[in-house]
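Here's the letter readout for the chains.
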Amino acid sequence: MERFMDEARRAAQNSKDPNTQVGACIVNQEKKIVGIGYNCMPNGCDGQLPWTRSADDRLDTKYPYVCHAELNAIMNKNSADVKGCTMYVTLFPCNECAKLIIQAGISKVIYLDDKYHDTQETKASRRLLDTAGIPYEQFNC
Ligand SMILES: [Zn+2]
């Protein structure tokens, strides 16, 4: 559904990440949007944590701190739960988000980019989703 990926793309534009802006949109079985998110720093931490991708100390990079779009979309849900919903996301979920997607009961993932296809995180993510029986497919624009 074009409009749901458009919503995910629009959400991504809100991200302050200078390198990778990601948006996610959760859609229920009635084709209603029940959650939207983009990658950001935790509430109250904006401007106080680094967006850097590489530093001598990993604690000076964004990685230990950033909340991914999928996490935010699930946390921001405006429905009782997201069981049976489809997640539209502009980048293939990492393994941490795959765990959240599984535990939240989301039943399908539709993604746009897959630029980290060969990383350990993405391989672990596919293994998790495959094992949990959650289908994922690339969005055709
Ligand atoms: Zn993630």
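For the structure, check the block above.
Residues numbered from 1 in each chain as written. Predicted model: local features only at pLDDT ≥ 70, side-chain atom pairs only at ≥ 80, totals over all residues. Heavy atoms only, no water.

**Student:** I'd love a proper account of the packing of aromatic side chains, names of residues and values included.
**Tutor:** In this structure the tally under the stated criterion is 3 aromatic pairs. With a centroid separation of 5.3 Å and an interplanar angle of 85°, the aromatic rings of Phe 92 and Tyr 136 are classed as edge-to-face. One end of the pair, Phe 92, is in the loop between β3 (86-91) and α3 (95-104); the other, Tyr 136, is in strand β5 (residues 136-138), with 44 residues separating them in the sequence. Residue classification places Phe 92 among the buried positions, given a relative accessible area of 7%. Ring-pair connections join several aromatic residues into one group, and the members of that group are Phe 92, Tyr 111 and Tyr 136. (Phe/Tyr/Trp six-rings, centres within 6.5 Å; stacked < 30°, edge-to-face > 60°. Helix = DSSP H or I, 4+ residues; strand = E, 2+ residues; numbered from the N terminus. Buried < 20%, exposed > 50% of the residue type's maximum accessible area, 1.4 Å probe, protein only.)

**Student:** Hey, could you go over the coordination of the zinc ion for me, with residue numbers and the actual values?
**Tutor:** Of the protein atoms, only His 68 (ND1), Cys 94 (SG) and Cys 97 (SG) coordinate the zinc ion, at distances of 1.9 to 2.3 Å. A relative accessible area of 3% places Cys 97 in the buried class. (Donors = N, O, S within 2.8 Å, 3.2 Å for Na, K, Ca; no water.)

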